[in-house]
Amino acid sequence: VSGSQQVFVVIGVGGMGKAIARRAGSGKTVLLADFNETTLHAAATELRADGFTVETRTVDVSKEDSVRSLAKAAANLGPVVQIAHTAGLSPVQASVPAIIAVDLVGVAIVLDEFAEVVAPGGAAVVISSMAGAFSTFSPDAEQLHALMHSPSGELAALPFLSSEAIDDSTSAYGLAKRCNQLRVQAASTVWGARGARVNTISPGIISTPMAHEELSGPSGDFMRLMIEKSGAQRLGTTEDIAAAAAFLLGPESTFVTGTDLLVDGGVVAASRNGALSVSATDS
Ligand SMILES: NC(=O)c1ccc[n+]([C@@H]2O[C@H](COP(=O)([O-])OP(=O)(O)OC[C@H]3O[C@@H](n4cnc5c(N)ncnc54)[C@H](O)[C@@H]3O)[C@@H](O)[C@H]2O)c1
């Protein structure tokens, strides 16, 4: 590995992470990171076989030290020009505290630690979810400020993020994904001071192992209804997300920062225009 080759960090190498690595990783050192070693090594083997230059590191995004050492390792490989943060847990996979720790606090930690190492002209994309748009959590001004600006280490202790305050893992997931968008808005100024950009993508239902677990779970019927009533009338592919990520990581979006790109096949639009009724859900 040449020390001057540009570095692209992909955190979470499940369905979306791998597709994004493939789409944007040619000609760079691709640093893959995940807390599941089996997933990590399978992704690395596959991408190396296809000619990519791949390094790997295990990381737990909910732990500040772990993310800091990942960021340092990335910077030691060369200029860190792109970061794609896709690590996450879905409602059927995890409890309320685990979702808050990984999906909400984990994103905040990654934004903080990679702000320290991103190269000028660099860009990051964080995978949020259309679930953020459906979240029924409506923060008051003080809560909004706390979600945006509390140090990451203090977020989990906010009373309205406690397990007592959140009904179930579906609500926690929507809230966490809404918070990802807020953290990215806040981070855009800090990243901008370094000449770097940061945005979220909010995917709809994308055909990955995570979505298939959710489709077989209690929200499955409603998810199928969402697809049926949406403009696109299909599941999304990881390629649909990788294309959006390539745009936000690349040279055609240099005036785009601190915002969210909804890539949901029109599900949120259908819920807003009355084609899809979402009255009884916040998933
Ligand atoms: N698939 C969908 O329909 C969908 C829709 C909207 C949003 N999302 C979001 O997209 C992102 C990627 O999802 P995916 O479908 O590729 O899922 P996936 O399960 O295929 O990949 C997620 C990866 O994150 C890793 N991970 C989990 N916790 C971690 C931790 N603490 N530290 C490091 N890595 C960790 C997992 O090991 C896994 O490899 C997630 O944030 C998810 O919430 C998915």
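As a reminder, the structure under discussion sits directly above these lines.
Conventions and cut-offs
Residues numbered from 1 in each chain as written. Predicted model: local features only at pLDDT ≥ 70, side-chain atom pairs only at ≥ 80, totals over all residues. Heavy atoms only, no water. Helix = DSSP H or I, 4+ residues; strand = E, 2+ residues; numbered from the N terminus. Rg over C-alpha atoms; globule rule 2.2 N^0.38 Å. Buried < 20%, exposed > 50% of the residue type's maximum accessible area, 1.4 Å probe, protein only. Contact = heavy atoms within 4.5 Å. Areas by Shrake-Rupley, 256 points an atom, 1.4 Å probe, with all protein chains shown as cover. Lys, Arg positive; Asp, Glu negative; His and termini not counted. Charge placed at Lys NZ, Arg CZ, Asp CG, Glu CD. Phe/Tyr/Trp six-rings, centres within 6.5 Å; stacked < 30°, edge-to-face > 60°. Lys NZ or Arg CZ within 6 Å of the ring centre and 35° of its normal. Axes fitted to C-alpha atoms, helices over the stretch in contact; angles between N-to-C directions. Parallel < 35°, antiparallel > 145°, perpendicular 65-115°, else oblique. Nonpolar A, V, L, I, M, F, W, Y, C, P; charged D, E, K, R; others polar. Near = heavy atom within 4 Å. Pairing = 2+ DSSP bridges. Core = buried A, V, L, I, M, F, W, Y, C linked by side-chain atoms within 4.5 Å. Arc of directions from axis to C-beta.

**Student:** Mind laying out the overall build of the chain, listing which residues take part and the relevant values?
**Tutor:** When its secondary structure is counted, the chain shows twelve helices and seven strands. Relative to the 2.2 N^0.38 estimate, which gives 19 Å for 283 residues, the radius of gyration of the chain is 18 Å and therefore close to what a compact globule would have. With the C-alpha coordinates aligned to their principal axes, the bounding extent of the chain is approximately 55 × 40 × 35 Å. Classification of the 283 residues of the chain by burial places 54% in the buried group. Sequence-distant contacts, at least 24 apart, represent 75% of the contacts inside the chain between residues at least 6 apart. Of the roughly 11,900 Å² of accessible surface on the chain, 52% is carried by carbon and sulfur atoms. Each charge class in the chain was averaged separately, 18 positive and 28 negative side chains, and the resulting centres sit 7 Å apart.

**Student:** Quick rundown of unusual backbone geometry? Include the residues and the values.
**Tutor:** With a phi close to 55°, Gln233 is a non-glycine residue in the positive phi region. Examined against the element boundaries, Gln233 turns out to sit in the loop between helix H10 (220–229) and helix H11 (238–249).

**Student:** For the packing of aromatic side chains, give the residues involved together with the corresponding values.
**Tutor:** Following the criterion strictly, the structure yields one aromatic pair and no others. With 5.7 Å between their ring centres and 15° between their planes, Phe137 and Phe160 make a pair best called stacked. On the criterion of sequence distance, the pair formed by Phe137 in the loop between helix H5 (131–134) and helix H6 (141–149) and Phe160 in the loop between helix H7 (152–155) and helix H8 (169–193) is long-range, its members being 23 residues apart. Positioned above the aromatic ring of Phe8 is the side chain of Lys28, whose terminal nitrogen or guanidinium carbon lies 5.8 Å from the ring centre.

**Student:** A description of the packing of helix H4 (residues 96–115) against H8 should follow, citing residues and the corresponding values.
**Tutor:** Closest axis-to-axis distance for the H4/H8 pair is 9 Å, and the angle between their directions is 10°. Relative to H8, the element H4 is oriented roughly parallel. Taken together, the residues of the contact of H4 with H8 sort by class into 18 nonpolar, two polar and three charged.

**Student:** So what's going on with the site of the ligand? Residues and values would help.
**Tutor:** Around the ligand lies a shell of 27 residues, among which Asp34, Tyr173, Lys177, Ile206 and Thr208 are the nearest. Protein contact buries 93% of the 830 Å² of open area that the ligand shows by itself. Among the secondary structure elements, those contributing two or more residues to the shell around the ligand are helix H1 (15–24), H8 and helix H9 (209–215).

**Student:** Could you give an account of the sheet that holds strand S7 (residues 260–263), with specific residues and numbers?
**Tutor:** Pairing within the open sheet is parallel, and its seven strands lie in the order S3-S2-S1-S4-S5-S6-S7. Here the strands that pair on one side only, and so sit at the sheet edges, are strand S3 (53–58) and S7. Ignoring which end each strand starts from, the neighbouring axes of this sheet average 20° apart. Strand direction decides the pairing type here: strand S4 (residues 80–85) and strand S5 (residues 118–127), joined by five bridges, are parallel. Bridge assignment links Ala84 to a residue of S5, and that residue is Val125. Running at roughly 165° to strand S1 (residues 7–11), H1 makes contact with S1, strand S2 (29–34), S4, S5 and strand S6 (197–203) of the sheet.

**Student:** Can you explain the nonpolar core? Please cite residues and give values.
**Tutor:** Val9, Ile11, Ile83, Leu104, Phe114 and Trp191 are the most contacted members of the largest nonpolar core, which totals 55 residues. Those elements that place two or more of their residues in this core are S1, S2, helix H3 (64–77), S4, H4, S5, H6 and H8. Counting residues per element, this core draws most heavily on H4, at 13 residues. Setting aside anything within four residues of it in sequence, one finds Ile83 in contact with Phe8, Val9, Ile11, Phe114, Val118, Ala123, Ala124, Val125, Trp191 and Leu249. In this structure, Ala21, Leu40, Leu47 and Leu249 belong to the second largest nonpolar core, which totals 29 residues.

**Student:** So what about H10? Which residues, and what values?
**Tutor:** Buried within H10 are the following residues: Gly220, Phe222, Met223, Met226 and Ile227. Looking straight down H10, one finds its buried side chains confined to an arc of 165°; they lie on one side. Away from the buried face of H10 by more than 90 degrees, exposed residues Asp221 and Glu228 are located. In this structure, the buried residues of H10 make contact with H5, H9 and helix H12 (267–273).

**Student:** Explain the environment of Val190 to me, using residue names and the numbers behind them.
**Tutor:** Along the chain, Val190 turns up in helix H8. Given a relative accessible area of 49%, Val190 falls into the partly exposed group. It is 21 Å that separates the C-alpha atoms of Val190 and Gln143, two residues lying 47 residues apart in sequence.

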